[in-house]
Amino acid sequence: MAADSAGQYRAGETALIVEVPEAEPVVGSWRERFDASVGAGVPAHVSVLYPFLSQDRVGDQVLGVLGELFGSHSAFDLRFRGCGRFPGVLYLAPESDDQFRALTLAVADRWPEAPPYGGQFAEVIPHLTVAHGQEPSVLDTVEADLSSRLPVTTHVSSVQLLVFDGIVWRERADFALRPPRVDAGQAALSGLPS
């Protein structure tokens, strides 16, 4: 998520994200310096869809549909092995990003009135923002430090719905992804039922 050009979010905005707490020890100090969203309470994350529906549209029915939608997608492991850039932005690039793209597409298909990033970009590239609004030399310094501290790995098992209350972003709901399926061969080796 990124603040608008005025550096502010709007009260009642919502976002669907995947928190990545395992990245905080690696990116936290850089995010505190160079990512304005930290001051609004946004953790290290990869956005699934921002902005989502306004808070007044997110009632029990929408929450139920989100639960079903995310519950139909399997949990997955994720690795951040390198960095990527947009103009003025440095981010950790998830490897592979297919699962994130599938989650974003599923939500955007269900709610076409809420395209990712307001429809600003033809292609949505999943990423974990570390720094934005900085000169290339600053991004070079941050990237050099991060490169020596990667990879970061995480297990993605849920998607969080955040709401901006006018001061900070707060978690409103957490939607579980379906546990990965274990095939019969893996089950036999692990002693688990298939």
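One can find the structure itself at the top, above this paragraph.
Residues numbered from 1 in each chain as written. Predicted model: local features only at pLDDT ≥ 70, side-chain atom pairs only at ≥ 80, totals over all residues. Heavy atoms only, no water.

Q: Help me understand helix α1 (residues 24–34), please; the structure alone is not making it clear to me.
A: Each α-helix turn comprises 3.6 residues. Residues three or four places apart therefore point the same way. Along α1, the residues that are buried comprise V26, V27, G28, W30, R31 and F34. Contacts from the buried residues of α1 go to β4 (89–95), β5 (128–132), α4 (136–147) and β6 (152–156). (Buried < 20%, exposed > 50% of the residue type's maximum accessible area, 1.4 Å probe, protein only. Helix = DSSP H or I, 4+ residues; strand = E, 2+ residues; numbered from the N terminus. Contact = heavy atoms within 4.5 Å.)

Q: For this particular structure, what's the right way to read α4?
A: Given a rise of 1.5 Å per residue, 12 residues ought to cover 16 Å, and the 16 Å separating the end C-alpha atoms of α4 matches this to within 8%. Summarising the contacts, the buried residues of α4 are in contact with α1, β3 (76–86), β4 and β5. (Expected span 1.5 Å × (residues − 1).)

Q: So what exactly am I meant to see when it comes to the pairing of β4 here?
A: Taken residue by residue, a regular strand's side chains alternate between the two faces of the sheet. In terms of burial, β4 is a largely internal element, five of the seven residues being buried. Pairing of β3 with β4 involves seven bridges; the strand directions are antiparallel. Bridge assignment links R79 to a residue of β4, and that residue is E95. In sequence, β3 turns back onto β4 through a hairpin of two residues, with G88 there showing a positive phi of about 75°. (Pairing = 2+ DSSP bridges.)

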